[in-house]
Amino acid sequence: MSETIQIETHYLYPGALFASTIPHNVTTVLGSCVSVCLHDPFLKIGGINHIMLPLWNGKGLASPKYGNIAMEKLLEKMLSLGSAKNRIQAKVFGGGEVIGNDDSLFRIGERNIEIAFELLEQYKIQVVGKSVGGKFGRKIIFNTQTSAVMHKFLERNDLS
């Protein structure tokens, strides 16, 4: 009789991050926000963040809602779980212009995409997949064990 492996689930809220050695399917919904999925194929562990704004300005709490903080904290978490930086691979999702004129004016989605790719390059982490930009939001489900990402485009009214 074969054993069925139960995979845990986790919902990732905006401004949060998650990483685990235990296999999880992590779900999040992205509009102008960006998620970076990190995966160590050797240890089969992964982590994900949900970036709301590109840069922390140094005032107030250094929250992972900011891209520069979220990337640093997620990488630290992956390393604390035993991963080696040279093995980590990344997939990047989100950054759509879904809010309308206000989003276009401030280019939040575009700036979130830029900071994610700049930091991945700075950390020398290879990007192996992406779905970024455009006019739609996204729902993603990231498998931390396999790095597989199920991805669905969402209309503006699906994001609320």
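In short, a report on the structure. Here the structure is a predicted model, which means the values were calculated and not measured.

**Points about empty space enclosed by the protein**
Enumeration over the complete set of coordinates arrives at one cavity of 30 Å³ or more. Of the voids in this model, the largest cavity is the one considered here, and its volume is about 30 Å³. In this structure, the largest cavity is lined by Cys37, His39, Gln89, Ala90, Lys91, Val128, Phe142 and Ser147. At the level of elements, strand S4 (34-40) and strand S6 (89-94) are the ones that each hand at least two residues to the lining of the largest cavity.

**Digging into the sheet that holds strand S2 (residues 17-20)**
Judged by pairing direction, the sheet is mixed, and its five strands sit side by side in the order S2-S5-S4-S6-S7 without closing on themselves. Each edge of the open sheet carries a strand with a single partner, namely S2 and strand S7 (126-132). Across the sheet, the mean angle from the axis of one strand to that of its neighbour is 10°, orientation sign disregarded. By the bridge criterion, four bridges tie S2 to strand S5 (residues 45-49) in an arrangement that is antiparallel. What sits directly across from Ser20, in S5, is Gly46.

Parameters and conventions
Residues numbered from 1 in each chain as written. Predicted model: local features only at pLDDT ≥ 70, side-chain atom pairs only at ≥ 80, totals over all residues. Heavy atoms only, no water. 1 Å grid on protein atoms, 1.4 Å probe; cavity = no way out; pocket = protein on both sides within 12 Å on 5 of 7 lines; lining within 4 Å. Points joined across faces, edges and corners; volume = space filled by probe spheres on them. Helix = DSSP H or I, 4+ residues; strand = E, 2+ residues; numbered from the N terminus. Pairing = 2+ DSSP bridges. Axes fitted to C-alpha atoms, helices over the stretch in contact; angles between N-to-C directions.

These figures come from the coordinates and say nothing about function on their own.
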